[in-house]
Amino acid sequence: MEILLATFSALFSVVNPFGAMPVFLTLTQDDSPAHRNQQALKACLYMVGILAIFFLTGQYVLNFFGIRMHDLRIAGGLMIMKAGFDLLTPGANKKKISPDVVEEGQQKEDISFTPLAMPMLSGPGAIAVSIGFFTTSLSIMDMIMILAAILLLAVVTFVILRFSHQLTRFMGKSGLAALSRIMGFIVLSIGVNFIVSALRALFF
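No experiment lies behind these values; they were computed from the predicted model shown.

**Section: a nonpolar patch on the surface**
- Judged by side-chain polarity, Val61, Phe64, Phe65 and Ile67 come together as a nonpolar surface patch covering roughly 450 Å² of accessible area.
- Summarising the element assignment, phenylalanine 65 is placed in the loop between helix H3 (33-64) and helix H4 (69-88).

**So, the nonpolar core**
- Ranked by size, the top nonpolar core spans 47 residues in total, and within it Phe12, Met47, Leu51, Leu121 and Leu153 carry the most contacts.
- Sorting the residues of this core by element identifies helix H1 (2-15), helix H2 (17-27), H3, H4, helix H7 (112-121), helix H8 (124-133), helix H9 (140-162) and helix H10 (164-203) as the ones contributing at least two each.
- Ranked by the residues each element gives to this core, the list is headed by H3, at 8 residues.
- Ignoring sequence-local partners within four residues, the contact set of leucine 51 consists of Ser122, Ala126, Ile127, Ser130, Ile150 and Leu153.

**Side note on H8**
- Counting buried residues along H8, 8 of its 10 residues qualify, which places the element largely inside the surrounding structure.
- Residues of H8 that are buried include every one of Gly125, Ala126, Ile127, Ala128, Val129, Ser130, Ile131 and Gly132, and no others.
- For H8, the elements touching its buried residues are H1, H3, H4, H7 and H10.

**With respect to the packing of aromatic side chains**
- What the rule picks out here adds up to 6 aromatic pairs.
- Ring geometry for phenylalanine 55 against phenylalanine 134: centres 5.8 Å apart, planes inclined by 70°, an arrangement best described as edge-to-face. One end of the pair, phenylalanine 55, is in helix H3; the other, phenylalanine 134, is in the loop between H8 and H9, with 79 residues separating them in the sequence. Each member of the pair, phenylalanine 55 as well as phenylalanine 134, carries the same accessibility label: buried.
- The interplanar angle of 55° and the centroid separation of 6.4 Å between the aromatic rings of tyrosine 60 and phenylalanine 134 together place this pair among those described as tilted. Of the two residues, tyrosine 60 is situated in helix H3 and phenylalanine 134 in the loop between H8 and H9; the sequence distance between them amounts to 74 residues.
- For tyrosine 60, a relative accessible area of 54% gives the class exposed.
- Taken together, the aromatic side chains of Phe8, Phe12 and Phe18 make up a single cluster linked through ring pairs.
- Sitting above the plane of the phenylalanine 194 ring, arginine 73 keeps its charged end 5.5 Å from the centroid.
- Above the plane of the ring of phenylalanine 163 lies arginine 162, whose end atom (NZ or CZ) is 4.8 Å from the centre.

**Overview of the packing of H3 against H7**
- Put simply, H3 and H7 touch, their axes get as near as 9 Å, and they point 50° apart. The angle between H3 and H7 places the two elements in the oblique class. Judged by the sense of rotation from one axis to the other, the crossing of H3 with H7 is right-handed. Judged by residue contacts, Gln39, Lys42, Ala43, Tyr46, Met47 and Ile50 of H3 engage Ser112, Phe113, Leu116, Ala117, Met118 and Leu121 from H7.
- Classifying every residue of the contact of H3 with H7 by side-chain character gives 9 nonpolar, 2 polar and 1 charged.

**Side note on the confidence of the model for the chain**
- For the chain, per-residue confidence averages 86 on the pLDDT scale, and 91% of positions sit at 70 or higher.
- Here helix H5 (residues 92-95) stands out as the element of the chain with the lowest mean pLDDT, 50, in contrast to H9, whose mean of 95 is the highest.

**So, unusual backbone geometry**
- The step from threonine 114 to proline 115 runs through a cis peptide bond, and the omega angle for that step is 5°.
- Within the secondary structure layout, proline 115 lies in helix H7.
- Across the junction of methionine 118 and proline 119, the peptide omega takes the value 15°, indicating a cis bond.
- Among the structural elements, proline 119 can be located in helix H7.
- Phi angles above zero are rare outside glycine, and asparagine 16 is one such case at about 50°.

Definitions and cut-offs
- Along each chain, the written sequence defines residue order, and numbers are assigned to residues from 1.
- Only residues with pLDDT of at least 70 get local features here, since the model is predicted, and only at 80 or more are side-chain atom pairs given and counted; chain-wide, interface and lining totals rely on the full set of residues.
- Excluded from the side-chain calculation are hydrogens and water; included are all heavy atoms of the structure.
- A patch is a set of surface residues, each over 30% in relative accessible area and not in a salt bridge, joined within 9 Å for like charges and within 5 Å for the nonpolar side chains Val, Leu, Ile, Met, Phe, Trp and Tyr.
- Only the protein chains shown count as covering a residue, and every accessible area follows the Shrake-Rupley method with a 1.4 Å probe.
- Salt bridge criterion: a side-chain nitrogen from Lys or Arg within 4 Å of a carboxyl oxygen from Asp or Glu.
- Per the convention used, a helix needs a DSSP run of H or I reaching at least four residues, while a strand needs a run of E reaching at least two, with both numbered from the N terminus.
- Residues belong to a common nonpolar core when they are buried Ala, Val, Leu, Ile, Met, Phe, Trp, Tyr or Cys residues joined through side-chain atoms within 4.5 Å.
- Only protein chains enter the calculation, and the probe is 1.4 Å; a residue is then buried if its accessible area is under 20% of its type maximum, exposed if over 50%, and partly exposed in between.
- Contacts are residue-level and defined by heavy atoms, with any inter-residue pair within 4.5 Å sufficient.
- In this scheme Phe, Tyr and Trp rings, the latter by its six-membered ring, pair at centre separations within 6.5 Å, and the angle between planes marks the pair as stacked below 30 degrees, edge-to-face above 60, and tilted otherwise.
- In our convention, an over-ring charge means Lys NZ or Arg CZ found within 6 Å of a ring centre and within 35 degrees of that ring's normal.
- In this analysis, axes come from line fits to C-alpha atoms, helices being fitted only over the stretch in contact, and the angle between any two N-to-C directions falls in the range 0 to 180 degrees.
- Oblique is the label for any angle not covered by the other classes, which are roughly parallel (under 35 degrees), roughly antiparallel (over 145) and roughly perpendicular (65 to 115).
- Here a crossing is taken to be left-handed if its near helix is turned anticlockwise relative to the far helix by less than a right angle, and right-handed if that turn runs clockwise.
- Residues are grouped as follows: Ala, Val, Leu, Ile, Met, Phe, Trp, Tyr, Cys and Pro are nonpolar; Asp, Glu, Lys and Arg are charged; every other residue, Gly included, is polar.
- Residue-level confidence of the predictor is what pLDDT reports, using numbers from 0 through 100.

Printed below as a string of structure tokens:
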């Protein structure tokens, strides 16, 4: 249970479904509630597939290219720290994807895979965290718990997107900005932890 909660909390901070709400509302503003919910559900299912695949196969991809896990942790930590710094600045939610991608998404009928599932929900930071969870010492039960945490994250993300209109009205812009800064601080801490753990393993 401990590994499930640790995996969920780390991925939730990096995925940050609250940060995806403004873009999701912008891209689905002309859609019916049923179509909006369908897009949210498909995006969450895609996110589960992407994170689970990278968790299970990421180590083999790294081995193929001769990249050590410590290298990935340092590179991923820098990337996650940058995402954390972005969340600490005003208007960070809009920076997760470029305006061109948002404009293209508004013209698409199906936005569930791109840009919603990737790169909005399962972007490089979330993928790096997923790969970083895999170690050869994991038992079958540990791997099941991590996959269950990814599935739980998808359920929570769907609920947040499903009620994004109500949450946005309830929290307001100031509430969303404050929440973004809190998430940014947590994401920044995760990035620092990735780098420190990799350096400790390399030199000590």
